[in-house]
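Overview (structure and organization)
Listed below, chain by chain, are the residues.
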Amino acid sequence: MGFLEFQVKSQQDKARTGILKLKNGIIKTPELMPVATKATVKALTSNDLKEIGAQMLICNTYHLMLQPSADVISKMGGLHKFMNWDKPLVTDSGGYQAFSLGLGREHAVGKMFFPGNNYKQNKPHGKSTIKLNEKGIYFRSIYDNSHQFLSPEKSIKIQEKLGADMILILDECTSPLSNKEYTRKSMERTHKWAKRCLDIHNTDQAIVGIIQGGHWQDLREKSAKYNASLDFDSYAIGGSLGKSKKDMHKIIDWIIPHISPNKPRHLLGIGVVEDIIESVERGIDLFDCVSPTRIARSGYSHINPPFGTKKNKYRIRITLSKYKSDISPLDPNCKCKVCENYSRAYINHLLKTNELLGFNLISYHNQFFMLDLMREIRDSIEEKSFNKLKTKWFG
Ligand SMILES: [Zn+2]
């Protein structure tokens, strides 16, 4: 049992707010964690993140074990000191990277698969660069192509060295195109790995179990029950989330009744506006997503309704020439430092000329926008006005 306390504060139907106490601080949920893959949320300083109101970040074990290595980070006093972040931190286990270098590459899909997205069943896809068996995951380093191995035990020991507040078990993330038999076998292996992770874990870091089972109800329920029977501090929903948003919603609904209401629930790797609102409504407490800074680097700025385009309701492409002499801020309804001080025209110019400040400013605004949405969600649940919030965002 790790160092974690969780209390549900208020509830409106299945949506809930809570207080999560970790070694390095207290977090209000529901919350979205900015992703600091290589110990940095791209283009933002830790001071930026504090100003924005980020409560907790998630870092990536696979990347950090390769560069600069867990030993270096441990020598530097741990991940918190290394990256100058004194609030709560989570590290993932490396399981998701095994997916993106393995099945994800082979099937050319993400955690969710929407048939029709220019996807051609017969087109040659990438080759998996990993091998996986009961012992663990064998892969090549993306940095120097060296042979690497990650077992459940090794993932936990690395995460203990990194020293985050909350750590994840090693799992295999299945693909939405994996068949039921493979998904079942993989789930059973992940269950064994979960037990091995718990057995070797001996720090006061909170440890999170990951529920697998793809988009099959019996598998998801089995995995939820199995994980609930182990003494995890928190639960995450991992693996394939199916072939539509409806699948994802069903998966959440199948799982929630089988896990303790007194433990936080994390929907791994999901975090765009619509998905967050729909999942909070179903009882999810934690999210993580690279989207705010990733879309920023492609020139997209988040925007409150009703200012977005028909296709992209919550974002505009600031690099379009129509914004070249636009004096208004990125989002007229945003109260962030960037929107108070800079125009669309200026940020359009910075991004067009690849000026580094442009990436900082637009990433700052996008992260602020998402964390502001989370504040709005928490307030609405406490004021029992979650339905009003849904109407505002979905129309
Ligand atoms: Zn802003």
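Residues numbered from 1 in each chain as written. Predicted model: local features only at pLDDT ≥ 70, side-chain atom pairs only at ≥ 80, totals over all residues. Heavy atoms only, no water.

Examining the coordination of the zinc ion
Cut-off, in case you're wondering: For Na, K and Ca the donor cutoff is 3.2 Å, while for all other metals N, O and S atoms must lie within 2.8 Å; water is not among the atoms, so some sites may look incomplete. Geometry assignment treats four donors as tetrahedral when all angles are between 85 and 135 degrees, treats four as square planar and six as octahedral when opposite donors are over 155 degrees apart and all others between 65 and 115, and treats everything else as irregular. Note on classification: 1.4 Å probe, protein chains only; a residue is buried when its accessible area is under 20% of the maximum for its type, exposed when over 50%, partly exposed between these limits.
Bound to the zinc ion on the protein side are Cys334 (SG), Cys336 (SG), Cys339 (SG) and His365 (ND1), at distances that span 2.1 to 2.3 Å. Taken together, the four donor atoms coordinating the zinc ion and their angles of 98 to 121° define a geometry best described as tetrahedral. Look at where the donors of the zinc ion fall in the sequence and you get C-x1-C-x2-C-x25-H. Relative accessible area serves as the criterion here: at 11%, cysteine 334 is assigned to the buried category.

Considering helix α16 (residues 386–394)
The following threshold applies: What counts as a helix is a DSSP run of H or I of at least four residues, what counts as a strand is a run of E of at least two, and both are numbered from the N terminus. By construction, the arc corresponds to the directions joining the helix axis to the C-beta atoms. Working rule for contacts: check all heavy atoms of both residues, and any pair within 4.5 Å makes them a contact.
Those residues of α16 that fall on the buried side of the exposure criterion are Phe386, Leu389, Lys390 and Trp393. Seen along its axis, α16 keeps its buried residues to an arc of 100°; they face one direction. For α16, the exposed residues lying more than 90 degrees away from the buried face are Lys388 and Thr391. Contact partners of the buried residues in α16: β1 (5–12), α11 (273–281) and α15 (356–382).

Focus on the packing of helix α10 (residues 245–255) against α11
Cut-off, in case you're wondering: To define axes, lines are fitted to C-alpha atoms, for helices over the stretch in contact only, and angles between the resulting N-to-C directions are given on a 0 to 180 degree scale. Small angles under 35 degrees read as roughly parallel and large ones over 145 as roughly antiparallel, with 65 to 115 read as roughly perpendicular and the rest as oblique. Helix crossings get a hand from a simple test, with the near helix turned counterclockwise from the far one by less than a right angle marking a left-handed crossing and a clockwise turn marking a right-handed one. Residues are grouped as follows: Ala, Val, Leu, Ile, Met, Phe, Trp, Tyr, Cys and Pro are nonpolar; Asp, Glu, Lys and Arg are charged; every other residue, Gly included, is polar.
At a minimum axis separation of 10 Å, α10 and α11 run at an interaxial angle of 30°. When the axes of α10 and α11 are compared, the pair comes out roughly parallel. Once α10 is placed against α11, the crossing between them reads as right-handed. Residue-level contacts link Lys245, Met248, His249 and Ile252 of α10 to Asp275, Glu278 and Ser279 of α11. Looking at side-chain class alone, the contact of α10 with α11 contains two nonpolar, two polar and three charged residues.

A look at the nonpolar core
Test applied: Among the buried residues, those of types Ala, Val, Leu, Ile, Met, Phe, Trp, Tyr and Cys that are joined through side-chain atoms within 4.5 Å form a nonpolar core.
Counting residues in hydrophobic clusters, the biggest one holds 109 residues, and the most contacted among them are Met56, Leu79, Met83, Met166, Leu267 and Ile377. By residue number, the principal contributor to this core is α15, which donates twelve residues. If sequence neighbours within four positions are ignored, methionine 166 has contacts with Leu4, Leu22, Met56, Leu89, Val90, Thr91, Ala206, Val208 and Leu286. Grouped together as the second largest cluster of nonpolar side chains are five residues, Phe99, Val109, Phe113 and Cys173 included.

Overview of the packing of aromatic side chains
How two aromatic rings sit relative to each other is set out by the distance from centre to centre and by the angle between their planes. Just so we agree on the cut-off: Note on aromatic contacts: the rings of Phe and Tyr and the six-membered ring of Trp form a pair at centre separations within 6.5 Å, being stacked when their planes are under 30 degrees apart, edge-to-face when over 60 apart, and tilted otherwise. Whether a charge sits over a ring depends on NZ of Lys or CZ of Arg being within 6 Å of the ring centre and within 35 degrees of the ring normal.
Under the counting rule described, the total for this entry stands at six aromatic pairs. The interplanar angle of 55° and the centroid separation of 5.0 Å between the aromatic rings of tyrosine 62 and phenylalanine 139 together place this pair among those described as tilted. Residue tyrosine 62 is located in helix α2 (residues 61–66), and its partner phenylalanine 139 is located in strand β8 (residues 136–140); the two are separated by 77 residues in the primary sequence. Exposure remark for phenylalanine 139: the relative accessible area of 6% places this residue in the buried category. Taking 6.1 Å as the distance between ring centres and 80° as the angle between the ring planes, the aromatic pair formed by phenylalanine 232 and tyrosine 235 counts as edge-to-face. Within the aromatic cluster, the residues linked to one another by ring pairs are Tyr314, Phe369 and Trp393. Sitting above the plane of the tyrosine 300 ring, arginine 315 keeps its charged end 5.6 Å from the centroid.

A short note on the sheet that holds strand β7 (residues 131–133)
Put simply, the rule reads: A pair of strands is treated as paired once DSSP finds two or more bridges between them.
The antiparallel open sheet is built from three strands, whose spatial order is β7-β8-β9. Each of the sheet's edge strands pairs with one partner strand only, and the pair in question is β7 and β9 (147–150). On average, each strand axis in the sheet is inclined to that of its neighbour by 15°, with strand direction left out of account. Of the pairings in the sheet, the one linking β8 to β9 comprises four bridges and is antiparallel in character. For tyrosine 138, the partnering residue across the bridge sits in β9 and is phenylalanine 149. Running at roughly 75° to β7, helix α8 (residues 180–200) makes contact with β7 and β8 of the sheet.

Observations regarding the sheet that holds strand β13 (residues 265–267)
In any sheet, the strands associate via hydrogen bonds between backbone groups, in a parallel or an antiparallel arrangement. With parallel pairing, the eight strands of this closed barrel are ordered in space as β4-β5-β6-β10-β11-β12-β13-β14. For this sheet, the mean angle separating the axes of adjacent strands, direction not counted, is 30°. Strands β11 (206–211), β12 (234–237) and β13 of the sheet are contacted by α10, whose axis makes an angle of about 155° with β12.

What about the side chain of aspartate 326?
The line we're drawing: Two N or O atoms count as a polar contact when they lie within 3.5 Å, although within protein this holds only if one can serve as hydrogen donor and the other as acceptor, and sequence-adjacent residues are included solely when both atoms are side-chain atoms.
Among the structural elements, aspartate 326 can be located in the loop between β16 (315–317) and α13 (337–341). A distance of 3.0 Å separates polar atoms of two side chains, one belonging to aspartate 326 and the other to arginine 344. In contact with aspartate 326, other than residues within four places in its own chain, are Ser343, Arg344 and Ala345.

Observations concerning the pattern of salt bridges
Threshold: By convention in these notes, a salt bridge is any Lys or Arg side-chain nitrogen within 4 Å of a carboxyl oxygen on Asp or Glu.
By the definition in use, this model includes 25 salt bridges. In this structure, lysine 192 and glutamate 134 form a salt bridge, with 3.6 Å as the shortest nitrogen-oxygen distance. Taken together, the positions of lysine 192 in helix α8 and glutamate 134 in the loop between β7 and β8 put the pair 58 residues apart, joining distant regions of the chain. Residue lysine 192 is classed as partly exposed on the basis of its relative accessible area, which comes to 48%. A salt bridge links lysine 222 to glutamate 188; its shortest N-O distance comes to 3.5 Å. Here lysine 222 is found in helix α9 (residues 217–229), whereas its partner glutamate 188 is found in helix α8, with 34 residues between them in sequence. Residue lysine 222 is classed as partly exposed on the basis of its relative accessible area of 41%.

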